[in-house]
Amino acid sequence: HGTHVLGIIAATQNNGVGIDGANEKAPIWAGRAIGSGKWADSLVEYVDFVKTSGKKNGVINLSMDLTQVNADGTTTTRYELTPEERSAIEYARQNGVMLVVAAGNDGGVMSVLGQASQEFDNIFTVGAGDINGRSIYSSYGRGLDIVADGGTTEHPSLSTAGNDLGTMAGTSVATAKVAGAASLVWAANPALNYRQVMEILKSTARDLGPSGWDDDTGFGFLNTLAAVDLAKKTKPEVYNPTAWVTPDTWSGEG
């Protein structure tokens with residue numbers, strides 16, 4: 001899964017989908033596997049990497065869902081962040097790092113990570129779809145920003161898989177494509193702040209369904225060419241985010 005997602009990001013930013021100024025030189029940093037349960041620690045490590053590398057911009061792809069193991073042994077979607085997770089997201093936010101996250105493949109309500117874009121203004125939530133609308137498997141609802149091509153069972157996305165090629169469909173694929181697109185937008189205008197990058201991706205998306213935002217497809221379908229073109233014409237602005245308050249407990253603790 002991780003290798004497949006990485007291949008899509010690399011292909012998007014390196015090939016540039018016919019765009020001048022593809023982001024071939026952007027360093028890619030691989031975090032810990034989600035199964036480790038240490039994704040928040042990995043996020044902090046990435047932010048530290050961005051700071052020490054001297055890079056002004058950073059974008060992290062989170063093609064994953066957040067779940068919890070219940071008392072009866074079942075695993076279900078999680079709808080609350082831990083204090084450690086909230087702290088890590090805020091640390092990224094204060095250091096100008098944008099998070100591109102997957103809406104999920106439940107075809108219903110998103111986990112807390114996808115919905116967190118309503119609270120943290122550095123989170124960009126991506127669903128899967130095409131120019132006709134949302135893919136049936138893609139989660140949706142409040143907090144959804146845009147949709148991108150995630151493939152289908154009949155027509156999955158092709159990417160790397162170990163030493164070979166593999167196929168996959170899902171919001172993980174769509175999220176990787178948007179993360180790559182964000183890299184291209186920043187490559188076109190490195191002085192933009194993360195809020196400007198997010199607004200450019202939303203304002204250039206091809207509107208689907210009802211006019212404007214809707215909970216099925218957000219602001220529309222990703223349009224990378226238009227986003228990069230607008231980035232070149234956008235005047236950079238300084239943005240200093242106000243600190244968020246982080247609770248020190250959560251209902252699932254223990």
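These figures come from a predicted structure and were not determined experimentally.

## Quick word on the side chain of lysine 202
As for its position among the elements, lysine 202 is in helix 6 (residues 194-204). In this structure lysine 202 comes out as buried when scored by relative accessible area, which is 14%. Beyond its immediate stretch of four places on either side in the chain, lysine 202 contacts Phe124, Asp145, Ile146, Arg195 and Phe219.

## Points about the nonpolar core
By size, the foremost hydrophobic cluster in this structure holds 33 residues, and its most contacted members are Met98, Phe124, Val178, Val185, Val197 and Leu201. Elements with a minimum of two residues in this core: helix 1 (2-15), strand 4 (97-102), strand 5 (123-130), strand 7 (144-148), helix 5 (171-188), helix 6 and helix 7 (224-233). Looking at which element gives the most residues to this core, the answer is helix 5, with ten residues. With residues near it in sequence (within four places) discarded, methionine 98 still touches Gly58, Val59, Ile60, Asn122, Phe124, Ala182, Trp186, Tyr194, Val197, Met198 and Leu201. In this structure, Leu43, Leu62, Met64 and Ala88 belong to the second largest nonpolar core, which totals 22 residues.

## Let's talk about the packing of helix 6 against helix 7
Packing of helix 6 against helix 7 leaves a shortest axis separation of 9 Å and a crossing angle of 130 degrees. When the interaxial angle is binned, helix 6 and helix 7 end up oblique. Of the two possible hands of crossing, helix 6 and helix 7 adopt the one that is right-handed. For the pair formed by helix 6 and helix 7, the contact residues are Ile200, Leu201, Ser203 and Thr204 on the first element and Ala226, Ala227, Leu230 and Ala231 on the second. The class makeup of the residues in the contact of helix 6 with helix 7 is six nonpolar, two polar and no charged.

## Remarks on the environment of glycine 151
Counting through the fold element by element, glycine 151 comes out in the loop between strand 7 and strand 8 (157-161). Sequence separation of glycine 151 and serine 135 is 16 residues, and the distance between their C-alpha atoms is 8.5 Å. In contact with glycine 151, not counting residues within four places along its chain, are Tyr137, Pro156 and Ala169.

## What about the packing of helix 2 (residues 39-53) against helix 3 (residues 83-94)?
Helix-helix packing: each pair is described by the crossing angle between the helix axes and the interaxial distance. One way to put it is that helix 2 packs onto helix 3 with a least axis distance of 9 Å and a crossing angle of 20 degrees. Overall, the two elements helix 2 and helix 3 adopt an arrangement that is roughly parallel. Our pair here, helix 2 against helix 3, has a crossing hand that is left-handed. Where helix 2 abuts helix 3, its residues Trp39, Ala40, Leu43, Val44, Val47, Asp48 and Lys51 lie against Glu84, Glu85, Ala88, Ile89, Tyr91 and Ala92. The residue inventory of the contact of helix 2 with helix 3, partitioned by class, reads nine nonpolar, no polar and four charged.

## Overview of the pairing of strand 4
Burial within strand 4 is extensive, with six of its six residues counted as buried. Where strand 1 (residues 58-62) and strand 4 come together, five bridges link them in parallel fashion. By the bridge assignment, glycine 58 is partnered in strand 4 with valine 97.

## Things to note about the packing of aromatic side chains
On inspection of all chains with the given rule, the structure shows two aromatic pairs. Look at tyrosine 194 and tyrosine 239: their rings are 5.6 Å apart centre to centre, the planes differ by 85 degrees, and that puts the pair in the edge-to-face class. Taken together, the positions of tyrosine 194 in helix 6 and tyrosine 239 in the segment after helix 7 put the pair 45 residues apart, joining distant regions of the chain.

## Observations regarding the confidence of the model for the protein
Of all residues in the protein, 89% have pLDDT values of 70 or greater, and the mean over the chain is 88. Looking at the elements of the protein, mean pLDDT is at its lowest for helix 1, recorded as 78, and at its highest for helix 6, recorded as 98. Below a pLDDT of 50 lies the segment residues 17-21, which in the model reaches eight contacts outside its immediate sequence neighbourhood of four places, other chains included.

## Points about the pairing of strand 7
With five of five residues buried, strand 7 is to be regarded as a mostly interior element. Summarising the sheet, strand 5 and strand 7 pair through four bridges and their orientation is parallel. Residue pairing across strands places alanine 128 opposite alanine 148, the latter belonging to strand 7.

## Details of helix 6
When you tally the buried positions in helix 6, you get eight out of eleven residues, the bulk of the element. Those residues of helix 6 that sit buried are Tyr194, Gln196, Val197, Met198, Ile200, Leu201, Lys202 and Thr204. At its buried positions, helix 6 is contacted by helix 3, strand 4, strand 5, strand 7, helix 5 and helix 7. Backbone nitrogen of arginine 195 and a side-chain oxygen of the N-cap are separated by 2.8 Å at the start of helix 6; the cap is asparagine 193.

Rules and cut-offs
Residues numbered from 1 in each chain as written. Predicted model: local features only at pLDDT ≥ 70, side-chain atom pairs only at ≥ 80, totals over all residues. Heavy atoms only, no water. Helix = DSSP H or I, 4+ residues; strand = E, 2+ residues; numbered from the N terminus. Buried < 20%, exposed > 50% of the residue type's maximum accessible area, 1.4 Å probe, protein only. Contact = heavy atoms within 4.5 Å. Core = buried A, V, L, I, M, F, W, Y, C linked by side-chain atoms within 4.5 Å. Axes fitted to C-alpha atoms, helices over the stretch in contact; angles between N-to-C directions. Parallel < 35°, antiparallel > 145°, perpendicular 65-115°, else oblique. Left-handed = near helix turned anticlockwise from the far one by under 90°. Nonpolar A, V, L, I, M, F, W, Y, C, P; charged D, E, K, R; others polar. Pairing = 2+ DSSP bridges. Phe/Tyr/Trp six-rings, centres within 6.5 Å; stacked < 30°, edge-to-face > 60°. pLDDT = per-residue confidence, 0-100. Polar contact = N/O pair within 3.5 Å; in protein donor to acceptor, adjacent residues only side chain to side chain.

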